[in-house]
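# Observations on chain architecture
Take a look at the letters that make up each chain.
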Amino acid sequence: MATTVIGSGVTIEGEITADEAVIVAGTIRGKLTVDGPVTIEAGAVVEADVGASSLSVGGTLTGNVTAADRVDLLTGGRLVGDVKAARLTIADGAVFKGNVDMDV
């Protein structure tokens, strides 16, 4: 599976759809729908609803999340929004504000 990288100097506004892994190092505002995994790196800002097979958050995500498998909130990561996923992990030093629905 290929990987799409949204670089640290890039800002995208609108609806993004991908059928491969996505790594976000920049800024996204809108909606992100991915068939594969999504990684939000430290320093990245996502203000969007995210749908993915799995999600790792090391940066800042404001929006609701739906993941087929799991959501990992990494150290230094910040997630404000509701999460619907089979599994959720929150590392020490991560910030989460929202509701969790694990009935997937």
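Residues numbered from 1 in each chain as written. Predicted model: local features only at pLDDT ≥ 70, side-chain atom pairs only at ≥ 80, totals over all residues. Heavy atoms only, no water.

## A word on the pattern of salt bridges
Just so we agree on the cut-off: Basic side-chain nitrogens of Lys or Arg form a salt bridge, by our definition, when they fall within 4 Å of a carboxyl oxygen of Asp or Glu. A run of DSSP states H or I qualifies as a helix once it reaches four residues; a run of E qualifies as a strand once it reaches two. Both are numbered from the N-terminal end. Accessibility here uses a 1.4 Å probe with only protein chains present; expressed as a share of the type maximum, an area under 20% marks a residue as buried, one over 50% as exposed, and anything in between as partly exposed.
With the rule as written, the count across this model stands at 4 salt bridges. Across the pair Glu13 and Arg29 runs a salt bridge, and its minimum N-O distance is 3.5 Å. Of this pair, Glu13 sits in strand S2 (residues 11-18) while Arg29 sits in strand S4 (residues 27-34); the two residues are 16 residues apart in sequence, bridging distant segments of the chain. Between Asp69 and Arg87 there is a salt bridge, with its nearest N and O atoms 2.5 Å apart. A residue pair is termed long-range when its members are at least 10 positions apart, and Asp69 in strand S8 (residues 65-73) and Arg87 in strand S11 (residues 87-90) qualify at 18 residues. A relative accessible area of 31% means that Asp69 is categorised as partly exposed. Given a relative accessible area of 39%, Arg87 falls into the partly exposed group. Residues joined by salt bridges that share partners form a network here, namely Glu13, Arg29 and Glu47.

## Quick word on the environment of Thr75
Rules: As used in this structure description, the phrase polar contact means that two N or O atoms lie within 3.5 Å; if the pair is within protein, one of them must be able to donate a hydrogen and the other to accept it, and residues adjacent in sequence are counted only when both atoms belong to side chains.
Assignment of secondary structure puts Thr75 in the loop between S8 and strand S9 (78-80). Take Thr75: its relative accessible area is 58%, and that puts it in the exposed class. The spatial distance from the C-alpha of Thr75 to the C-alpha of Gly93 is 4.9 Å, given a sequence separation of 18 residues. Here Asp92 takes part through its backbone oxygen, which lies 3.0 Å from a polar atom of the side chain of Thr75.

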